[in-house]
Amino acid sequence: MSALLDLHDIARSYVTRKGLFGQRKLVRAVDGISLTVNPGETLGIVGESGSGKSTLGRMALGLETPDEGHVTFDGAPMPSHGTPAWRALRRQMQMVFQDPLGALDRRLPVIEQIIEPLIIHGIDGDHRRAGLTALSAVGLSADHGLRYPHELSGGQRQRVVIARALITDPRLLVCDEPVSALDVSIQAQVVNLLIDLQAARGLGMVFISHDLRVVRQIAARVAVMYLGRVVEEAAATDLFRAPQHPYTRALVSAAPSPGPRRIERVILTGEPPNPAARPTGCAFHPRCPVALPRCRTEAPALSRIAPGHAAACHLLSPAAKVAAR
Amino acid sequence: MKAPLVRIKGLNVAFDGAPAVRGVDLAVHPGEALGLVGESGSGKSVTWLAALRLLPGKAAVQGRVTLDGRDLLSLPTPEMERIRGGRIGIIFQDPSSALNPVLTIRRQISEVLALHRGLSGSAIRAEAKRLLDLVGMPDAEGRLNSYPHEMSGGQNQRVMIAMALAGQPDLLVADEPTTALDVTIQAQILDLLQLIRREMGMALVLISHDLGVVAENCDRVAVMYAGRIVESGPAAALFDAPRHPYARGLIDALPTLEDTRRLAAIPGVVPDPRDMPRGCAFGPRCAHAGPECLLDSPPLRAVAPGRRLACARPDLDLTPARPTPAPHLAEVTS
Ligand SMILES: Nc1ncnc2c1ncn2[C@@H]1O[C@H](COP(=O)(O)OP(=O)(O)OP(=O)(O)O)[C@@H](O)[C@H]1O
Ligand SMILES: Nc1ncnc2c1ncn2[C@@H]1O[C@H](COP(=O)(O)OP(=O)(O)OP(=O)(O)O)[C@@H](O)[C@H]1O
Ligand SMILES: [Mg+2]
Ligand SMILES: [Mg+2]
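What counts and how
- Residues numbered from 1 in each chain as written.
- Chains lettered and ligands numbered in written order.
- Predicted model: local features only at pLDDT ≥ 70, side-chain atom pairs only at ≥ 80, totals over all residues.
- Heavy atoms only, no water.
- Phe/Tyr/Trp six-rings, centres within 6.5 Å; stacked < 30°, edge-to-face > 60°.
- Helix = DSSP H or I, 4+ residues; strand = E, 2+ residues; numbered from the N terminus.
- Buried < 20%, exposed > 50% of the residue type's maximum accessible area, 1.4 Å probe, protein only.
- Domains from an automatic or database assignment.
- Contact = heavy atoms within 4.5 Å.
- Buried area = accessible area lost by both parts, 1.4 Å probe.
- Salt bridge = Lys/Arg side-chain N within 4 Å of Asp/Glu carboxyl O.
- Polar contact = N/O pair within 3.5 Å; in protein donor to acceptor, adjacent residues only side chain to side chain.
- Axes fitted to C-alpha atoms, helices over the stretch in contact; angles between N-to-C directions.
- Parallel < 35°, antiparallel > 145°, perpendicular 65-115°, else oblique.
- Left-handed = near helix turned anticlockwise from the far one by under 90°.
- Nonpolar A, V, L, I, M, F, W, Y, C, P; charged D, E, K, R; others polar.

**Some points on the packing of aromatic side chains**
Working step 1: Tallied over the entire structure, the rule returns six aromatic pairs over all chains.
Working step 2: For the pair Tyr225(B) and Phe282(B), a centre-to-centre distance of 5.1 Å together with 80° between the ring planes defines the contact as edge-to-face. Placement of the pair is Tyr225(B) in strand S9 (residues 220-225) and Phe282(B) in the loop between helix H11 (245-253) and strand S11 (301-304), with a sequence separation of 57 residues.
Working step 3: On the basis of relative accessibility, which here comes to 2%, the residue Tyr225(B) falls in the buried class.
Working step 4: The rings of Tyr226(A), Tyr247(A) and Phe284(A) are connected pair by pair, giving a single aromatic cluster.

**Comments concerning the domain arrangement of chain B**
Residue and element names in this part refer to chain B.
Working step 1: Taken domain by domain, chain B holds domain 1 (1-87 + 170-184 + 200-334) and domain 2 (99-168).
Working step 2: Between domain 1 and domain 2, the C-alpha centre-to-centre distance is 32 Å.
Working step 3: Taken together, the contacts link 11 residues of domain 1 with nine residues of domain 2.
Working step 4: For the pair domain 1 and domain 2, the summed buried surface comes to about 770 Å²; carbon and sulfur atoms form 65% of the total.
Working step 5: Here domain 1 and domain 2 share zero salt bridges between them.
Working step 6: At the junction of domain 1 and domain 2, the tally comes to three residue pairs in polar contact (both at pLDDT 80 or more).

**With respect to the packing of helix H11 (residues 246-254) of chain A against helix H8 (residues 183-200) of chain B**
Working step 1: With their axes 9 Å apart at the nearest point, H11(A) and H8(B) run at an angle of 60° to one another. As far as their axial angle goes, H8(B) and H11(A) are oblique. For the element pair H11(A) and H8(B), the recorded crossing hand is left-handed. From H11(A), Tyr247(A), Ala250(A), Leu251(A) and Ala254(A) reach across to H8(B), where they touch Val183(B), Thr184(B) and Ala187(B).
Working step 2: Its residues placed into classes, the contact of H11(A) with H8(B) shows six nonpolar, one polar and no charged.

**Notes on the interface of chain B and chain A**
Working step 1: Contacts between the two partners involve 46 residues from chain B and, on the opposite side, 47 residues from chain A.
Working step 2: Of the roughly 4000 Å² buried at the junction of chain B and chain A (both faces included), carbon and sulfur atoms supply 57%.
Working step 3: If you sort the residues of chain B by the area they bury against chain A, Thr184(B), Glu216(B) and Leu257(B) come out on top, with a joint share of 17%.
Working step 4: Applying the counting criterion to the chain B and chain A interface returns three salt bridges.
Working step 5: Between Arg262(B) and Asp196(A) there is a salt bridge, with the nearest N and O atoms lying 2.8 Å from each other.
Working step 6: Our count for the contact surface shared by chain B and chain A stands at 15 residue pairs in polar contact (both at pLDDT 80 or more).
Working step 7: Those elements that provide at least two residues to the side of chain B that touches chain A are H8, helix H9 (211-217) and H11 of chain B.

As structure tokens, this is what we get:
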């Protein structure tokens, strides 16, 4: 089976200005990442603020072009943003963001916004009927469709955004923090909806979130990002049951939960990572409870540590394991 | 039981006639950590803003709030100002409103120290640095000369905690103190709060919409819905066996890392304060509602030692939702 989406060693830098004299500084937001998404599969992306998750999501949709590496969709190179070829592809790849109110036009009834992509992409047919079907697919009534965004609850608005994203019957859906702004009770509705729609339509999905608990529910595979790189990637079950990278272990152990925890709590010390001042060697070493001298100078490569499980840590490399014995 | 440090009794708050808090009773005992949970808009912040007299004039506030038996709502303003930031420290929900962007961290902490501890000169300098060290700020001395915008979200959060602790409070009210922060930083800060609480023997009110955070950091929990407390009790017991259908609903809706059971969503949305349903405010969303639920808003009553419940059907069997195996296209009502 060929991958639906293939990110091959992609990187993206931004120029930022810092300080009084506007020193230009290059921030490598995404720093050499390779990932694939198969049809019908959900890939979860987790990581701290500023680790490059959203940047990765935008490159996956061709909204931004990587400075290095390349993206292929369905086996063909991703066309550049804005070109006719990209626009033609756009109906097959859609996006859902965190803030539904910002994504909607407050002056239009939501049904009109839901069918908008059909018009944009010149898709023929009974748009009204398609709109009503889309509404009911996300659990909303025809009456909801006539309302304006501010007349709906946060969860209902997010469902409108999802309905709009799905109306062109896309094959890839990138969700960037789609439930982060919602209360748990409403969040559960939207998470269930995404799981159901994904299964029913065989969508390939990239699900970006800083909330591990939500990612656990929805993703089959998970990549953990730290300062622009993937530090661990594995099947969700393995990653959450037995996280290997020290950062992933801290992350998993820190997820708040009312129940008993299986993994001993690791409280990190030190500062959150700053993308503008990437530490030398392994970027996690200043906060890492088990760092070796080598970690300060040498960046570990992402390598296979078990079938379907990769991590970037000197302590996890096969050589280190042999030495430890 | 010891006398409570702070007691809130029959607190009502309305904005332009719309009720935001409807008869809240709550006690905080010395040294305890009390969690307050509930959906957005349930009145968690307004309860404590009203208790500390921080609401705008248009808010109609009724009820009694006592600190060691003294009524705060009728206290002269200057005395109230000494209590705020003094015996009661506050970390606000909106961090940007709490720190002044044009003043250095040193200035902001010094003002609190001068006002509430009567310190001056070198004593202030030393204490400001000690406070930043206490909250785990690296390079505390250097950071004192920084402005809020020069620091990360986590660092500003630490400064706010340091300022709230500057008056050596007996109670710290922390309103969503870590919501905007990354998980690992959140864990770091909550850990720190616990440590300081134990060292200083301080009581903590932790307001959060995250049940996991409250469960892990509090001795006791109160669950709010539509301006009322619907259930309260020891954290472990309440999360283990909630008695109110809303509390049960919140727990079942929470995803966990342990498994991938289907999340149980609570249908519907919180009621509009201007258009409260008859009887129990949760009634329209409650799977267990009966005719008796339409009659009156049920009062909060003791149902077991340390546990209180506001439900017209207090003896419901609320065994946890069973996992739904096969995914299906659910018709979500709301
Ligand atoms: N358009 C841009 N111009 C300049 N810098 C940018 C731009 N977009 C992102 N960055 C920088 O790139 C880095 C990664 O940002 P990104 O938004 O991808 O992170 P993220 O993981 O999505 O974070 P969050 O969890 O906060 O959403 C950050 O340092 C950010 O400041
Ligand atoms: N200054 C105000 N003027 C008018 N209404 C207000 C004001 N402050 C709060 N409210 C209303 O009071 C109710 C309770 O708000 P409150 O901020 O206490 O909720 P909360 O439980 O803290 O929610 P969140 O989790 O979103 O912080 C809401 O309906 C809110 O709209
Ligand atoms: Mg982002
Ligand atoms: Mg609040």
